[in-house]
Amino acid sequence: QRFYSNLVLDNAEGISAGTGPDTWVIGNTFSGSRLSPNGTLGRAINKGASANTIARNNLILSSDFGIDSTVAGNNSHNAFWGVGSNYRNSANGTSDVTANPLVDANYRPAATSPLRGAGLHLAYARDYQGLQRRRPPTIGAFEVPRRRAA
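In this text, all values refer to a predicted model and were calculated from it rather than measured experimentally.

1. Here's the deal with the overall build of the protein chain
Looking only at helices and strands, one finds 0 helices and 12 strands in the protein chain. Along its sequence from the N terminus, the protein chain presents helices and strands in the succession β-β-β-β-β-β-β-β-β-β-β-β. The globule rule puts the C-alpha radius of gyration for 150 residues at 15 Å, and the 14 Å found for the protein chain is close to it. C-alpha extents for the protein chain along the principal axes are approximately 55 × 30 × 25 Å. Across the protein chain, every contact between residues at least 6 apart in sequence was considered, and the portion connecting residues at least 24 apart equals 39%. Of the accessible surface of the protein chain, which amounts to about 7100 Å², a share of 50% is contributed by carbon and sulfur atoms. The protein chain carries 15 positive and 9 negative side-chain charges, and their two centres are separated by 9 Å.

2. Some details on the packing of aromatic side chains
Under the criterion given, the structure shown has 2 aromatic pairs. On the numbers, 5.3 Å between centres and 65° between planes, the contact of Phe-80 with Tyr-87 is edge-to-face. On the accessibility criterion, Tyr-87 (8% relative accessible area) is buried. Judged by centre distance (5.3 Å) and plane angle (70°), the rings of Tyr-128 and Phe-142 are edge-to-face. With a gap of 14 residues between them, Tyr-128 in the segment after strand S12 (85-88) and Phe-142 in the segment after S12 connect regions that are remote in the sequence. In this structure Tyr-128 comes out as partly exposed when scored by relative accessible area, which is 44%. The buried category is assigned to Phe-142, whose relative accessible area is 2%. Looking at Arg-2, its charged tip hangs above the ring of Trp-24, at a distance of 4.2 Å from the centre.

3. Topic: the pattern of salt bridges
Within this structure, the stated rule accounts for 6 salt bridges. Ionic pairing is found between Glu-143 and Arg-134, a salt bridge with its closest N-O pair at 3.7 Å. Each of the two residues, Glu-143 as well as Arg-134, counts as buried. Linked by salt bridges that have partners in common, Glu-13, Arg-43, Asp-68 and Arg-88 make up one network.

4. As for the sheet that holds strand S4 (residues 24-26)
Judged by pairing direction, the sheet is parallel, and its 4 strands sit side by side in the order S1-S4-S7-S10 without closing on themselves. Each having just a single partner strand, strand S1 (2-4) and strand S10 (75-76) make up the two edges of the open sheet. Pairing analysis gives 3 bridges linking S1 to S4, with the strands arranged parallel. Each bridged residue has a counterpart across the sheet, and for Phe-3 the counterpart in S4 is Val-25.

Reading guide: rules and limits
- Residues numbered from 1 in each chain as written.
- Predicted model: local features only at pLDDT ≥ 70, side-chain atom pairs only at ≥ 80, totals over all residues.
- Heavy atoms only, no water.
- Helix = DSSP H or I, 4+ residues; strand = E, 2+ residues; numbered from the N terminus.
- Rg over C-alpha atoms; globule rule 2.2 N^0.38 Å.
- Contact = heavy atoms within 4.5 Å.
- Areas by Shrake-Rupley, 256 points an atom, 1.4 Å probe, with all protein chains shown as cover.
- Lys, Arg positive; Asp, Glu negative; His and termini not counted.
- Charge placed at Lys NZ, Arg CZ, Asp CG, Glu CD.
- Phe/Tyr/Trp six-rings, centres within 6.5 Å; stacked < 30°, edge-to-face > 60°.
- Buried < 20%, exposed > 50% of the residue type's maximum accessible area, 1.4 Å probe, protein only.
- Lys NZ or Arg CZ within 6 Å of the ring centre and 35° of its normal.
- Salt bridge = Lys/Arg side-chain N within 4 Å of Asp/Glu carboxyl O.
- Pairing = 2+ DSSP bridges.

Structure below.
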């Protein structure tokens with residue numbers, strides 16, 4: 001399963017990999033993953049027990065938990081802002097961003113965002129709007145557009 005460049009808003013659980021093999025959760029933006037009335041954890045990404053689930057280049061905002069996993073590894077280049085716990089039951093990822101992401105009300109990063117160029121280049125070429133990804137890409141669902149020459 002591959003989840004690339006999605007905008008996932010206001011849910012109890014954004015993406016759940018369960019125990020499936022080789023699930024990639026890459027370059028998405030999650031916001032508002034909160035505890036539900038029935039007690040479901042508010043988590044953006046549930047990696048479950050799958051050691052083969054990769055979570056990279058994701059922006060997670062205003063959520064109870066960022067990435068929940070019962071196995072370690074395969075987490076890197078994710079960004080967290082307003083998250084209760086970035087990682088639950090898992091070691092922190094490498095090259096994560098925890099500074100203010102400087103995104104607008106539609107979750108698009110500003111040209112000066114620390115997300116710009118902070119991702120790891122992987123096998124996905126387009127953002128949420130179909131724009132070509134830079135190398136290295138912007139973390140999250142939206143690529144910061146290239147500046148046009150004057």
